[in-house]
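Observations on the three-dimensional arrangement
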Amino acid sequence: MSSRMLRVLAGTAVLGVLAAGCGSQGGAAGAGASGGEKITLSLNLFGNMGFKELYAEYEAAHPNIKIVERTSAYNDHHRNLAAHLATKQGAADIEGIDTGFIAQFRGQPQHFTDLNQHGAAALKDRWLPWKWEASLAKTGAQIGYGTDVGGLAMCYRRDLFEKAGLPTDRDEVSKLWPDWTSYFETGKKYTANKPEGAAFFDGAPQVFNAMVGQLPVGYYDTSDQVVVATNPEIRKAYDQALEAVAGGQSAKLVGSSPAWNTGFAKSQFATIACPAWMLAKIQDQGKEFAGQWDVAAIPGGGGNWGGAYLTVPAQSKHPKEAVELIAWLTAPEQQIKVFTKHGILPSTVATYDKPEVKKLTHEFFNDAPIGEIFTTAALNLKPQYQGPRAGDIQTAIRDGMNRVEEGKQNGDEAWAQILKDIDRIQK
């Protein structure tokens, strides 16, 4: 799809929202637009969630509201949020929460505004059923509205593949790796002829996360028992990823670190496990390689990695206005705008048949049909149960794999420490 067409579609979506007016549920209007005092609504988020272009539109319809976004690193953000909730001070009016941490925080519904008390039930059918249920506390309180889902694909650099003697057409590339074993075999072929300084993938933990995201059972069973030590598929994925590290396939970059960001600009890797939200990161960090990136199928097919929610902590000074804003930001119309601009996949199911979503191609990614690729992935994925400390467990495994990549431990030593760290997390 051309840039011009994207602008037309985005403009059409804006006109549709303005023409419909913004009711209290979806929420641009209401008391805020005609209210009195000037209100600042703060958002604490992690990474680029695609909202910045939307704030001016909302503020124009609500002249008494100013929106301030603050972003921080993934782990820092969730650690800070936990501390702010525990001390009952310091949280923003709106806090983003990743899928890996939502189970932990839905276990603390007393710290959040119950969206059911603000009309959430009328909005329930917007979202994929599992997306809605993932932020629903056992008390029945709904603590968050879903933003995106992380349906999986594999992004790759066409120019680096060509230099290594591999196919570059996305259909041919997809055929290279029907499963993860084939992916790492392709990595061996790439590594044998790789361009200098360009590894096959960015880092072992990132590949491992994608592999785990495809499993029917991840870190927890449905009774909230941690099964990392007893789930053989977890250890298999761990061993496969680290075997590829030993074979020189990894750039050994820590995901979301400054060095990882620089890795895009310096062409330090040729493939990256690519949930839909990764498209925005690739565009942000690798601007000079527009058209060289492309999108192929993920090995193994399907799976999910990431996605997020917007919540309103109970300590918010403006809970009514904050709830109205998150309802608007997560409405289908806004999720379409975020997808067409950033490639961040909606979690609102009604958007998937919209032509501006389903038929969307992306010029930066060599006109890849990202709409078809990611909506198909979202509709076909089988959600994996997330236990209360899944995000912390993922961090413990990431840290262990990083120790191996840094040469501080071997795989068995790191695994033993990972299991000890997970035991401490549970206590």
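Residues numbered from 1 in each chain as written. Predicted model: local features only at pLDDT ≥ 70, side-chain atom pairs only at ≥ 80, totals over all residues. Heavy atoms only, no water.

1. Let's talk about unusual backbone geometry
- Of note, the phi angle at Lys252 is positive, near 60°, even though the residue is not glycine.
- Mapped onto the secondary structure, Lys252 falls in the loop between helix H11 (232-246) and helix H12 (258-265).
- The backbone of Asp367 shows a phi angle near 60°, a positive value even though the residue is not glycine.
- Assignment of secondary structure puts Asp367 in the loop between helix H16 (355-358) and helix H17 (370-380). (Helix = DSSP H or I, 4+ residues; strand = E, 2+ residues; numbered from the N terminus.)

2. A word on the packing of helix H5 (residues 99-106) against helix H18 (residues 390-405)
- Where H5 contacts H18, the axes come no closer than 6 Å and their chain directions differ by 135°. Overall, the two elements H5 and H18 adopt an arrangement that is oblique. Taking contact as the criterion, the partners of Gly100, Phe101 and Gln104 in H5 are, on H18, Ala390, Gly391 and Asp392.
- Looking at the contact of H5 with H18, its residues break down into 2 nonpolar, 3 polar and 1 charged. (Axes fitted to C-alpha atoms, helices over the stretch in contact; angles between N-to-C directions. Parallel < 35°, antiparallel > 145°, perpendicular 65-115°, else oblique. Contact = heavy atoms within 4.5 Å. Nonpolar A, V, L, I, M, F, W, Y, C, P; charged D, E, K, R; others polar.)

3. Digging into the pattern of salt bridges
- Inspection of the entire model under this criterion finds 15 salt bridges.
- The partner of Arg235 in a salt bridge is Asp239, and the shortest N-O contact between them spans 3.0 Å. In this pair, Arg235 and Asp239 are both assigned in helix H11, 4 residues apart and thus about one turn of the helix distant.
- If you follow the salt bridges from partner to partner, you end up with Arg158, Arg170 and Asp294 in one network. (Salt bridge = Lys/Arg side-chain N within 4 Å of Asp/Glu carboxyl O.)

4. A look at the pairing of strand E4 (residues 144-157)
- Across the 14 residues of E4, 14 count as buried, placing the element largely inside the fold.
- Of the pairings in the sheet, the one linking E4 to strand E8 (residues 304-311) comprises 5 bridges and is antiparallel in character. In the strand pairing of E8, Gly151 is matched with Asn304.
- In this structure, E4 lies alongside strand E6 (residues 269-275), joined through 5 bridges in antiparallel fashion. Paired with Leu152 across the bridge in E6 is Pro275.
- Bridging between E4 and strand E7 (residues 293-296) involves 4 bridges; their strand directions are antiparallel. Bridged to Cys155 within E7 is Val295. (Buried < 20%, exposed > 50% of the residue type's maximum accessible area, 1.4 Å probe, protein only. Pairing = 2+ DSSP bridges.)

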